[in-house]
Amino acid sequence: MAKHPMTTLCYVEKDDAYLMMHRISKKNDVNKDKWIGIGGHFEEGESPEDCLLREAYEETGLTLTSWQFCGIVTFTLEGYGTEYMCLYTADGFEGTLKECDEGTLEWIPKKDLLSLNLWVGDLIFLKLLRDKAPFFSLKLVYRGEELTEAVLDGKEIPLPLVLSGYSDTL
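Nothing here was measured: the structure is a model prediction, and the numbers come from that model.

Rules used throughout
Residues numbered from 1 in each chain as written. Predicted model: local features only at pLDDT ≥ 70, side-chain atom pairs only at ≥ 80, totals over all residues. Heavy atoms only, no water. Salt bridge = Lys/Arg side-chain N within 4 Å of Asp/Glu carboxyl O. Buried < 20%, exposed > 50% of the residue type's maximum accessible area, 1.4 Å probe, protein only. Phe/Tyr/Trp six-rings, centres within 6.5 Å; stacked < 30°, edge-to-face > 60°. Helix = DSSP H or I, 4+ residues; strand = E, 2+ residues; numbered from the N terminus. Lys NZ or Arg CZ within 6 Å of the ring centre and 35° of its normal. 1 Å grid on protein atoms, 1.4 Å probe; cavity = no way out; pocket = protein on both sides within 12 Å on 5 of 7 lines; lining within 4 Å. Points joined across faces, edges and corners; volume = space filled by probe spheres on them. Nonpolar A, V, L, I, M, F, W, Y, C, P; charged D, E, K, R; others polar. Expected span 1.5 Å × (residues − 1). Contact = heavy atoms within 4.5 Å. Core = buried A, V, L, I, M, F, W, Y, C linked by side-chain atoms within 4.5 Å.

This part is about the pattern of salt bridges. All chains considered together, the criterion is met by 12 salt bridges. E46 serves as the salt-bridge partner of R54, at 2.6 Å between the closest nitrogen and oxygen. E46 matches R54 in its accessibility class, with the two residues each being buried. Within this structure, E43, E46, R54, E55 and E58 form a network of salt bridges that share partners.

And the structure:
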């Protein structure tokens, strides 16, 4: 069965840091060697929250107790297709962090995020999360690792702004 085009992506927060996953374990991974939040593809019949809670527990061993639905990210990569990510933050959880078979989990101070190998478009939504922006819709179009289009709430963001203005303000 093909992967569902809907996914969740969550940035779990603790002590001004995000729980990040360094995607180094899976073969044929679109996120290979990137640092991302936790999450994954919906399973049949799941709501966004069902998927969020299942993926958080499967990948981290943590049970989320407090979370916020922040936006929808339409991620399009030439040759990969389109994925619709329900973007969350979480600031409450129970349990003990476990090892993940998809990558290495690490608490990264928010001030150090720019030192990581991130998708360029992640800079946009990480800034929106930092600024506590109201619910948003963000479209990111890639050719390989090159971001070729960014549209926030229906308005195109000039790419030079993404590459300079967003990257130096996290």
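So, about the packing of aromatic side chains. Across all of its chains, the model carries 9 aromatic pairs by this definition. Aromatic side chains F69 and Y88 sit 4.7 Å apart centroid to centroid with 15° between the ring planes, which places their arrangement in the stacked category. Taken together, the residues span a long stretch of sequence, with F69 in strand β5 (residues 63-77) and Y88 in strand β6 (residues 81-94) at a distance of 19 residues. Given the relative accessible area of 0%, Y88 is considered buried. An angle of 75° between the planes, with centres 5.3 Å apart, marks the rings of F75 and W119 as edge-to-face. Within this pair, whereas F75 is found in strand β5, its partner W119 is found in the loop between β7 (104-109) and α2 (122-130), the two being separated by 44 residues in sequence. For F75, a relative accessible area of 7% puts it in the buried group. When the ring centre of Y18 is taken as reference, the NZ or CZ atom of K110 above it lies at 4.8 Å.

Another aspect to go through is the layout of surface pockets. Empty space within the largest pocket amounts to approximately 560 Å³. In terms of lining, the largest pocket is formed by 32 residues, of which the most central are R23, N31, G40, H41 and E83. In terms of residue class, the lining of the largest pocket is built from 12 nonpolar, 8 polar and 12 charged. Of the volumes computed, that of the second largest pocket is approximately 330 Å³. Along the wall of the second largest pocket there are 22 residues; nearest its centre are E13, C70, T89, L129 and K132. Of all elements in the fold, only β5, β6 and α2 reach the threshold of two or more residues within the lining of the second largest pocket. The residue inventory of the lining of the second largest pocket, partitioned by class, reads 14 nonpolar, 3 polar and 5 charged.

Let's shift gears to helix α1 (residues 48-60). When the terminal C-alpha atoms of α1 are compared, their 18 Å separation across 13 residues agrees well with the 18 Å that a helix rising 1.5 Å per residue should span. Regarding α1, the residues found buried are C51, L52, R54, E55, A56, E59 and T60. Taken together, the buried residues of α1 touch β1 (6-14), β2 (17-22), β4 (38-41), β5, β6 and β7. Once α1 finishes, G61 follows within two positions and takes phi at roughly 85°, a positive value.

The next point concerns the nonpolar core. Counting 31 residues, the largest nonpolar core has Y11, M20, F125, L138 and L140 as the members making the most contacts within it. Breaking this core down by element, the ones donating at least two residues are β1, β2, β3 (35-36), β5, β6, α2, β8 (136-143) and β9 (146-152). Once you skip the residues sitting within four places of it in the chain, Y11 turns out to touch Y18, M20, I36, G37, L87, Y88, T89, A90, D122, F125, L126 and L129. With 16 residues, the next largest nonpolar core counts F42, L52, C86 and Y88 among its residues.

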